[in-house]
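A structural walkthrough
Each chain, written out:
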Amino acid sequence: MLRSGRPLLSRGVSQLRASGDQRPVLRFDGEAFRLKRTGELVRALLVLRLCAWPPLVTHGLTLLSWSRRLLGSRLSGALLRASVYGQFVAGETTAEVQDSVQRLQGLGLRPLLAVPIEEEPGTDRGGEAWYEGNLKAMLHCVDLSCGPPGSLPPQPVLMQLKVTALTSALLCKELTLRLGEPQSAKELSPERLAAAMDSGEDLGISSLSSEQNQHLGASLSRFHRIAQYARSRGVRLLVDAEYTSLNPALSLFVSSLAQCWNSREEAGRDGTPWVWNTYQAYLQDTHERLTRAAEEAERKGLGFGVKLVRGAYLESERALARERGTADPTQPDYEATSRSYSRCLELMLGHVCRRGSQCQLMVASHNEESVHQAVKRMSELGIPLDGPVCFGQLLGMCDHVSLALGQAGYAIYKSIPYGALDEVIPYLLRRAQENRSVLQGARREQGLLSQELLRRLSRSP
Ligand SMILES: Cc1cc2nc3c(=O)[nH]c(=O)nc-3n(C[C@H](O)[C@H](O)[C@H](O)COP(=O)(O)OP(=O)(O)OC[C@H]3O[C@@H](n4cnc5c(N)ncnc54)[C@H](O)[C@@H]3O)c2cc1C
């Protein structure tokens, strides 16, 4: 039985030492799967195979409603729980989520909980009540992230935050447009928004209607409440990046929160930031924006936290650009995105190296080359294994990489959605559609899973 903390694995992580370095050399060869139960391996193999089948991802909701009609909702629900839901979701109740989290911690992995709610860019769910309900769910997520009362969570505790669950995507779109106008941009400075967050004062932005100003005020108050509560419980908030039509507004909110919560007074002695932003390497201007944001944070004496991803909305971004006849904001091909990721990674590691814990980075990628690059450069730059750089992967994906990282002593977080079956399945299907290429590319993981299962079979009497 594994105890919580880091279990010892004899061969999953090669204990070979790199010459002149005391760090373990990482090999993502599936040895780490020895830590998993056979049932978990079988489920992972079946589910990953299933998810690589394009019709399932494209027509998931239709197939789901057919299966409900054919099998009844109880049986089809049970099948989902034993497969896709069980693989990618932590559970529904507090006890189920805490149980999943403890199991992960026993394997050397850390939870990065995410409330699966979001709003489409062109829609408005309407009414402050919906956003207030989401805020309540997020405050509960802060509590869940801390673990059961009295437990000592591994530090630091991180949680994902989707801005469009707390404010309307339509307002974000409007703000993004206004930020492009010099006069409005002045009114929308992070300093002004930060002051309003704290005081609740009406900003009265001249280019917004009175309803929009009211909604902005209520949204800022929600951001303030979640950040204040997370800070009081020692939980760091990682704000997700979304579509380019919203991202400038999201970054404005993050900068305003950073003004309050990443300052020297709030961040404490080591200066670790409480609110982080996400940068998507598939956008052409990301390296430039990241350079500017990192320099600005340093100039203002603020902590700077970044979740670095390749980006999830490729197809939608391109379709929108085609529809509007505007320039495609994304990199021309996969190789260009990977080069961009690598440059952004290098940039951030340089900042981490200079600023120490005031600059934090999550390498949020399933890509083995990106992980190897990060690990290699951390070693060359003398960045500690479990310090200002951590890794992030989705629950149920790329476990051969996550487990090997965790076993070697790196800080590795699994992004974990949770919630009721009916609420989470549409969310999962959306994520699966966005990550279609990743799911189809999980062949190597499937091969390693089969290899481990065959090894177990051949050993049985
Ligand atoms: C912990 C965590 C948090 C995340 N948070 C966010 C978030 O806040 N916002 C967000 O947008 N995404 C987020 N993602 C998803 C992420 O952006 C990627 O979609 C996903 O991780 C796949 O990229 P990869 O590096 O893991 O894998 P890879 O397989 O190496 O890369 C796949 C990615 O490459 C890019 N790509 C693929 N084909 C092309 C092409 N033809 N041209 C240009 N680029 C291409 C796309 O970005 C695609 O997603 C998160 C992922 C993780 C693990």
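Residues numbered from 1 in each chain as written. Predicted model: local features only at pLDDT ≥ 70, side-chain atom pairs only at ≥ 80, totals over all residues. Heavy atoms only, no water.

So, the sheet that holds strand β5 (residues 235-239)
- Around the barrel, eight strands lie side by side as β3-β4-β5-β6-β7-β8-β9-β10; this closed barrel has parallel pairing. Averaged over all pairs of adjacent strands, the angle between their axes in this sheet comes to 30°, without regard to strand direction.
- Inspection of the sheet shows strand β6 (residues 275-280) paired to strand β7 (residues 304-309) by four bridges, in the parallel sense. Note on β7: the bridge partner recorded for Y279 is L308.
- In this fold helix α16 (residues 334-355) packs onto β7, β8 (359-364) and β9 (389-394), with an angle of close to 150° to the strand it touches most, β8. (Pairing = 2+ DSSP bridges. Helix = DSSP H or I, 4+ residues; strand = E, 2+ residues; numbered from the N terminus. Axes fitted to C-alpha atoms, helices over the stretch in contact; angles between N-to-C directions. Contact = heavy atoms within 4.5 Å.)

A few points about the site of the ligand
- What surrounds the ligand is a group of 27 residues, the closest being G311, Y334, T337, S365 and H366.
- H366 has a polar backbone atom sitting 2.7 Å from an oxygen atom of the ligand.
- Against a free-state accessible area of 930 Å², the protein chains account for coverage of 89% of the ligand.
- With three residues, the top contributor of residues to the shell around the ligand is β9. (Near = heavy atom within 4 Å. Polar contact = N/O pair within 3.5 Å; in protein donor to acceptor, adjacent residues only side chain to side chain. Areas by Shrake-Rupley, 256 points an atom, 1.4 Å probe, with all protein chains shown as cover.)

Overview of the packing of α16 against helix α17 (residues 368-381)
- Closest axis-to-axis distance for the α16/α17 pair is 11 Å, and the angle between their directions is 25°. Considered as vectors, α16 and α17 are oriented roughly parallel to each other. In the packing of α16 onto α17, the handedness of the crossing is right-handed. The segment α16 lies against α17, with Y341, S342, L345, E346, L349 and C353 engaging S370, Q373, A374, R377, M378 and L381. (Parallel < 35°, antiparallel > 145°, perpendicular 65-115°, else oblique. Left-handed = near helix turned anticlockwise from the far one by under 90°.)

Some words on a nonpolar patch on the surface
- There is a patch of nonpolar side chains on the surface, built from L70, L71, L75 and L79 and spanning about 420 Å² of accessible area.
- Mapped by element, the contributors of at least two residues to the nonpolar patch are α3 (60-71) and α4 (73-82).
- Its place among the elements puts L71 in helix α3. (Patch = residues over 30% accessible without salt bridge, like charges linked within 9 Å, V, L, I, M, F, W, Y side chains within 5 Å. Salt bridge = Lys/Arg side-chain N within 4 Å of Asp/Glu carboxyl O.)

Regarding α16
- In a regular helix each residue adds 1.5 Å, so 22 residues correspond to 32 Å; α16 covers 31 Å between its end C-alpha atoms and thus fits that length.
- Backbone geometry just downstream of α16 places G356 in the positive-phi region, at approximately 65°. (Expected span 1.5 Å × (residues − 1).)

Things to note about the pairing of strand β3 (residues 110-114)
- Within β3, five of the five residues are buried, leaving the element largely enclosed by the surrounding structure.
- Burial along β3 is two-sided: the residues R110, L112 and A114 and P111 and L113 are all buried.
- Here β3 runs beside strand β4 (residues 157-161); their pairing, made up of two bridges, is parallel. Its bridge partner being in β4, L113 is matched across the sheet by M159. (Buried < 20%, exposed > 50% of the residue type's maximum accessible area, 1.4 Å probe, protein only.)

Description of the packing of aromatic side chains
- Tallying each qualifying case throughout the model produces four aromatic pairs.
- On the basis of an interplanar angle of 80° and a centroid distance of 5.1 Å, the ring pair of W130 and Y131 is categorised as edge-to-face.
- Across the ring face of W274, the terminal group of R236 is positioned such that the distance to the ring centre comes to 3.8 Å.
- Taking the ring centre of Y341 as reference, the NZ or CZ of R310 above it sits at 4.6 Å. (Phe/Tyr/Trp six-rings, centres within 6.5 Å; stacked < 30°, edge-to-face > 60°. Lys NZ or Arg CZ within 6 Å of the ring centre and 35° of its normal.)

Observations regarding unusual backbone geometry
- The phi torsion at C398 lies on the positive side, around 60°, for a residue other than glycine.
- The topology assignment puts C398 in the loop between β9 and α18 (399-408).
- Using a relative accessible area of 6% as the deciding quantity, one classes C398 as buried.

Some points on the pattern of salt bridges
- Counting across every chain of the model gives 30 salt bridges.
- For the salt bridge of E40 with R103, the shortest nitrogen-to-oxygen distance reads 3.8 Å. Of the two residues, E40 is situated in helix α1 (residues 38-51) and R103 in helix α6 (residues 94-106); the sequence distance between them amounts to 63 residues.
- For E266, the salt bridge identified is with R231, shortest N-O distance 3.3 Å. Pair noted here: E266 is in helix α13 (residues 264-267) and R231 is in helix α11 (residues 210-232), with a separation of 35 residues, a long-range link.
- Given a relative accessible area of 25%, R231 falls into the partly exposed group.
- One network of salt bridges, with partners in common, ties together R37, E40, D99 and R103.

All we've got here are geometric facts, nothing functional implied.
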